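Listed below are the residues making up each chain.
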Amino acid sequence: MSRPLTAELFPQWHADGVDEILARCRELVEDPDFPTVKRWRERGGRVVGHFQVYFPEEIAHAAGLLPFKVRGAPLEPAQADSHFGSYLCSILKSSLELALSKRVELDLFVTHPICDAARNLAGVWGRNCGYPCRILYLPQNPNSAFAVDYLRDEYQRLTRVVEEVAGAPVTAEALRGSIGVFNANRALLRRLYALRRAEPWRVSVDEAYVLVALAGMLPREEHNALLSAVLPLLERRAVHRRDKVRVILEGGFCEQPPLDLLRAIGRSCDVVDDDLLVGLRWLVADVPVGDDPWRALAHAYVEGSAHSPVQHDLRKPKERMLVERLERCGAEAAILLAAKMCEPGLEELVVHTRTLDGRGVPYFVSEFEENMTSFDGLEIQLETFVENLLFV
Amino acid sequence: MTATASGIVGRGGEAAGQLFRSWFDGLTAAAEEKRGAAYVFVMGSVTELLRCFDFPIVFPEINSLQTAVRHVAHEYLNEAENYGYSPDICGYVKADVAVQLRRGAHPMGRIPKPALAVCTNACNTYIKWGEIWERMHGMPMFTLDIPGSRGAGVTSAPGSEDFERERAYVAGQLGELITLCERVSGRAFDIDRLREHLGHANTMQAAWRELIDCNRSRPAVFNALSDGTIYLGVANGFRGTAEGAAFFRDLLEELCYKAANGIGTVTKEQWRLAFVGVPCYPIFRRFAELFTHWGGVFVNSTYLWFASGGSHVDFQYDLERPLESLAAGVLRTVRAAMDSMFFQAPSLAEMIDPFGIDGVVFHPIKSCRTVSTGLADTRRALMALRDIPSLFIESDLMDRRVVSEAQLKNRADAFFEGLAARRAQPALAR
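The present account deals with the structure reproduced in this document. (Residues numbered from 1 in each chain as written. Chains lettered and ligands numbered in written order. Predicted model: local features only at pLDDT ≥ 70, side-chain atom pairs only at ≥ 80, totals over all residues. Heavy atoms only, no water.)

1. As for the overall build of chain B
- On a plain count of helices and strands, chain B comes out with 17 helices and 10 strands.
- The C-alpha atoms of chain B give a radius of gyration of 21 Å, which matches the 22 Å a tight globule of 430 residues would have.
- Overall size of chain B, expressed as C-alpha extent along the three principal axes, is 75 × 50 × 50 Å.
- Counting only residues that meet the buried cut, chain B has 63% of its 430 residues in that class.
- Contacts spanning at least 24 positions in sequence make up 78% of the contacts within chain B whose residues lie at least 6 apart.
- The averaged location of the 49 negative side-chain charges in chain B is 4 Å from the averaged location of its 45 positive side-chain charges. (Helix = DSSP H or I, 4+ residues; strand = E, 2+ residues; numbered from the N terminus. Rg over C-alpha atoms; globule rule 2.2 N^0.38 Å. Buried < 20%, exposed > 50% of the residue type's maximum accessible area, 1.4 Å probe, protein only. Contact = heavy atoms within 4.5 Å. Lys, Arg positive; Asp, Glu negative; His and termini not counted. Charge placed at Lys NZ, Arg CZ, Asp CG, Glu CD.)

2. Looking at the sheet that holds strand β7 (residues 271–277) of chain B
Residues and elements named next belong to chain B.
- The sheet built from four strands is open, its strands ordered β8-β7-β9-β10 with parallel pairing. Taken across any chain shown, the strands that pair with only one partner, and hence form the sheet edges, are β8 (296–301) and β10 (390–392). Neighbour-to-neighbour, the strand axes of the sheet open up by a mean angle of 30°, direction not taken into account.
- Taken together, the three bridges between strand β9 (residues 359–363) and β10 define a ladder with parallel strand orientation. Bridging across to β10, Val360 finds its partner in Ser390.
- Together, β7, β8, β9 and β10 form the strand contacts of helix α17 (residues 405–429), whose direction differs from that of β7 by roughly 135°. (Pairing = 2+ DSSP bridges. Axes fitted to C-alpha atoms, helices over the stretch in contact; angles between N-to-C directions.)

3. Re the nonpolar core
- Core analysis: the largest hydrophobic core is formed by 303 residues, its most contacted members being Trp125 and Tyr155 of chain A together with Phe248 and Phe291 of chain B.
- With residues up to four places along the chain from it excluded, the contact list for Phe291 of chain B reads Leu273, Gly296, Phe298, Val361, Leu391, Ile393, Ala412 and Phe416 of chain B. (Core = buried A, V, L, I, M, F, W, Y, C linked by side-chain atoms within 4.5 Å.)

4. Some words on the pattern of salt bridges
Residues and elements named next belong to chain A.
- Scanning the entire structure with this criterion turns up 66 salt bridges over all chains.
- Where Glu324 meets Arg320, a salt bridge forms, and the shortest distance between an N and an O atom there is 3.3 Å. With a gap of four residues between them, Glu324 and Arg320 both fall in helix α12 (residues 318–329), about one helical turn apart. (Salt bridge = Lys/Arg side-chain N within 4 Å of Asp/Glu carboxyl O.)

5. A few points about helix α4 (residues 90–100) of chain A
All names here are of chain A.
- In terms of residue burial, α4 counts as a mostly covered element, since 11 of its 11 residues are buried.
- Buried residues of α4: Ser90, Ile91, Leu92, Lys93, Ser94, Ser95, Leu96, Glu97, Leu98, Ala99 and Leu100, and no others.
- Tucked inside the fold, the buried residues of α4 contact β1 (47–51), β2 (66–70) and α5 (121–128).
- One or two steps after α4, the chain reaches Lys102, where phi turns positive at roughly 60°.

6. Description of the interface of chain A and chain B
- Chain A puts 52 residues into the contact, and the matching count from chain B is 53 residues.
- Counting across the interface, chain A meets chain B through 10 salt bridges.
- The closest approach of N and O atoms between Glu343 of chain A and Arg369 of chain B, which form a salt bridge, is 3.0 Å.
- Summed over the shared surface of chain A and chain B, the number is 37 residue pairs in polar contact (both at pLDDT 80 or more).
- If you list the elements that add at least two residues to the side of chain A that touches chain B, you get α5, β4 (133–135), α6 (147–166), α12 and α13 (343–359) of chain A. (Polar contact = N/O pair within 3.5 Å; in protein donor to acceptor, adjacent residues only side chain to side chain.)

7. A word on unusual backbone geometry
- In this structure, the amide linkage connecting Gln52 of chain A to the following residue, Val53 of chain A, adopts the cis form with an omega of 10°.
- Turning to its location among the elements, Val53 of chain A is positioned in the loop between β1 and α3 (57–62).
- The amide bond that connects Arg218 of chain B to the next residue, Pro219 of chain B, takes the cis arrangement and shows omega of -5°.
- With respect to the element layout, Pro219 of chain B can be found in the loop between α8 (191–214) and α9 (226–237).
- The backbone of Lys34 of chain B shows a phi angle near 60°, a positive value even though the residue is not glycine.
- Along the chain, Lys34 of chain B turns up in the loop between α1 (11–32) and β1 (37–39).

8. Here's the deal with the sheet that holds β1 of chain B
All names here are of chain B.
- Taken together, the four strands give an open sheet; going across it, the order is β2-β1-β5-β6, and neighbouring strands pair in parallel fashion. In the strand order of this sheet, the two ends are held by β2 (57–58) and β6 (141–144), each with one partner.
- In the sheet, β1 pairs with strand β5 (residues 114–120) via three bridges, with the strands oriented parallel. Bridging from a neighbouring strand, Tyr39 pairs with Ala117 of β5.

9. What to know about the environment of Glu347 of chain A
- Residue placement: Glu347 of chain A occurs in helix α13.
- Distance from Glu347 of chain A to Gln79 of chain A, taken between C-alpha atoms, is 30 Å for residues 268 residues apart in sequence.
- Apart from the residues within four sequence positions on either side, Glu347 of chain A is in contact with Ile89, Val93, Thr125 and Lys128 of chain B.

10. Brief notes about the side chain of Arg196 of chain A
Residues and elements named next belong to chain A.
- By secondary structure assignment, the location of Arg196 is in helix α7 (residues 172–198).
- The class of Arg196 is buried, set by a relative accessible area of 0%.
- Polar contacts involving the side chain of Arg196 include one to the main-chain carbonyl oxygen of Val271, which spans 2.9 Å.

11. So, the packing of helix α3 (residues 60–69) of chain B against helix α5 (residues 91–101) of chain B
All names here are of chain B.
- Running from N to C, α3 and α5 cross one another at 90°; their axes reach a closest spacing of 9 Å. Of the possible angle classes, the one that applies to α3 and α5 is roughly perpendicular. Contacts between α3 and α5 involve Pro60, Glu61, Ser64, Leu65 and Thr67 from the former and Tyr92, Ala95 and Asp96 from the latter.
- Looking at the contact of α3 with α5 residue by residue, the class counts come to four nonpolar, two polar and two charged. (Parallel < 35°, antiparallel > 145°, perpendicular 65-115°, else oblique. Nonpolar A, V, L, I, M, F, W, Y, C, P; charged D, E, K, R; others polar.)

12. Re a nonpolar patch on the surface
All names here are of chain A.
- Together, Leu390, Phe391 and Val392 make up an exposed nonpolar region whose accessible area comes to about 390 Å².
- Structurally, Phe391 can be placed in helix α14 (residues 376–391).
- Given a relative accessible area of 68%, Phe391 falls into the exposed group. (Patch = residues over 30% accessible without salt bridge, like charges linked within 9 Å, V, L, I, M, F, W, Y side chains within 5 Å. Areas by Shrake-Rupley, 256 points an atom, 1.4 Å probe, with all protein chains shown as cover.)

13. Digging into the packing of aromatic side chains
- Taken as a whole and assessed by the stated rule, the structure comprises 33 aromatic pairs over all chains.
- On the basis of an interplanar angle of 85° and a centroid distance of 4.8 Å, the ring pair of Tyr39 of chain B and Trp133 of chain B is categorised as edge-to-face. Here Tyr39 of chain B is found in strand β1, whereas its partner Trp133 of chain B is found in helix α6 (residues 124–137), with 94 residues between them in sequence.
- Among the residues examined, Trp133 of chain B registers a relative accessible area of 0% and is labelled buried.
- Taken together, the ring pairs in this structure connect Phe275, Phe287, Phe291, Trp294, Phe298, Phe415 and Phe416 of chain B into an aromatic cluster.
- Taking NZ or CZ as reference, Arg196 of chain A lies 4.8 Å from the ring centre of Tyr193 of chain A, over its face.
- Over the ring of Tyr76 of chain B we find Arg102 of chain B, and its NZ or CZ is 4.0 Å from the ring centre. (Phe/Tyr/Trp six-rings, centres within 6.5 Å; stacked < 30°, edge-to-face > 60°. Lys NZ or Arg CZ within 6 Å of the ring centre and 35° of its normal.)

Keep in mind that these numbers describe shape and distance, not what the molecule does.
In structure tokens:
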């Protein structure tokens, strides 16, 4: 299947001035109708929806499909609510709502059992949507010497499903090409995060988030073009440097905090690193394009990946990863978020707070929900936290 | 239940009680001797293998539910919440955190510290739970990763290439686990001991399937909710042991006797029900009475499937190829346990006729999102497959703060009134 990309899906980003570009990007990220996905389909393209956290998008890309990151949306789950019980996080409901309301139409849905709630998604989704719904079992024992072989086979199995949806085979050559496109994207995202660490006043946490989130709803070539144009503008952006507290933000690996919450944080702090949409940045280095690109992707997942509360890896104890992130970024404090009813996130809070207590690192804790709309109280608490750091 | 002259009826419950006491006495002795235990979970415990290294076996899920059944769970939950754990996470985890903080003090004895933990991916909380022990005790945790079905009905068939690849992955990990066990225990792996434990597990697994089938008889010979939970305790705690095998041989004899003699588990069986979810342990007896009061008996449950680690599937270890067969067995049973939580609607529909089921009770709980997240949708799917009345009630398995007994009773009463009206309809129509 040839890629239906004949023109940009999001030409609106071309504008005068980086502020205007960012405003338009933000508008797209916040649109719960996901217009770029609709445009892709109108042009005859097919879409693979993949739930948080990580998905090997290169495989879908190599088949000419649009990988779309299913990460919920700020909307009421009017139809989805009756498909779930109580005591659940919001992202599950809003994600299913996107499908049931046909705001987003998919040709394949893939989920990974990242948590006890999400592992039910393939069953629920499959019972209510007509297209294939699959679980991708990424290895949960990445320390096994057998994990890479297993995952390589698993990626080949996924490829067979993707081929059926695309109606065309995925060749090794095509996959190598896709890995190249995504390597370029990974390099651009690393550059964006390097800028935040070095000169955080040039790009706030909410602005950076918007730029990353677009990767989940645009063809990656288009996202590369956008980032390639925007990054130089940000790097020489004429903004007044203000001394704010340098912080890291943890807790955005699955359900996403509302942009206004991030904006409120950005007003008080320079967020120099975070785990927001970490799945889009999961592979931390370029993937070498060798003879067996499936194995290359599998090897990168096991040996060259980020960390999150939903992956257990003996080489990445959560306490150490937190401290390393703090030190690597020269952060003075941490903002620890957890989505309401998010079991892994809430469990991680215990680890993080006790670790930071032990090291005397200040932190700010808050729960959030993707569709919360009032941030006044939280902003006041945050300002108080920052003032305590600066003046006490 | 009073024992008959034959001495058969009622002995299963008594024997289970004795076994449980002996198990916890053994754990208390191990704790006093400072012997490290193997901490495992009901889905994929691999105790057949771990027993080869003489580890005392600890099932933290069972320890936690015991605190609820004994009405002290709230003390443990409060202690864990004071430590920092949210009210919105699994109550089993929190009760165990408090057990660890209390240096193993438990209503049934003392729980030894872990020497290692084996956590499968059948429940993600298993893995997060293991991380807590890693931090508290600095012992090794082994994640046994078992690929499940990739979608509804998308399951690799034994003998297929995909199945063999999955089995090889599980077998590889089991080899790594053996190396770890040898290092931790200081004992060499003995394949003949494994063969012996697999043999006992075969007896227990075959009996488990037959036991469930016994309840096709009218009246039902055991209540899948109350009696079934007791049987599950033995099935897990004594998996792969001679005592466990003997218990299930005897139990099966008892249940067959009851079936042959028309002896039911309730005095007057009125309604045959299926249970989907996890019991409400803080009011365990009264929860069962919400149904038995109306002559309702649970003849089957998904709990008997997944909480037995998938022992309801037709699988026997090949004792000539113990390690290969262990890998295949773990893959098939744990996968079946997962399927009975995520893709159970067709199995529920198929169960209705052979078990003569009048209604299905769905009981999602706050603590366990693995089991509960999909139940509302499963109920819708079952309704689409079969015209069967159902009840949907929510509470918890540990936390009495989210158990509203009056509300549960109102809902159960209304359900039975609905069942009675439905049964009366054909007569009224005539």
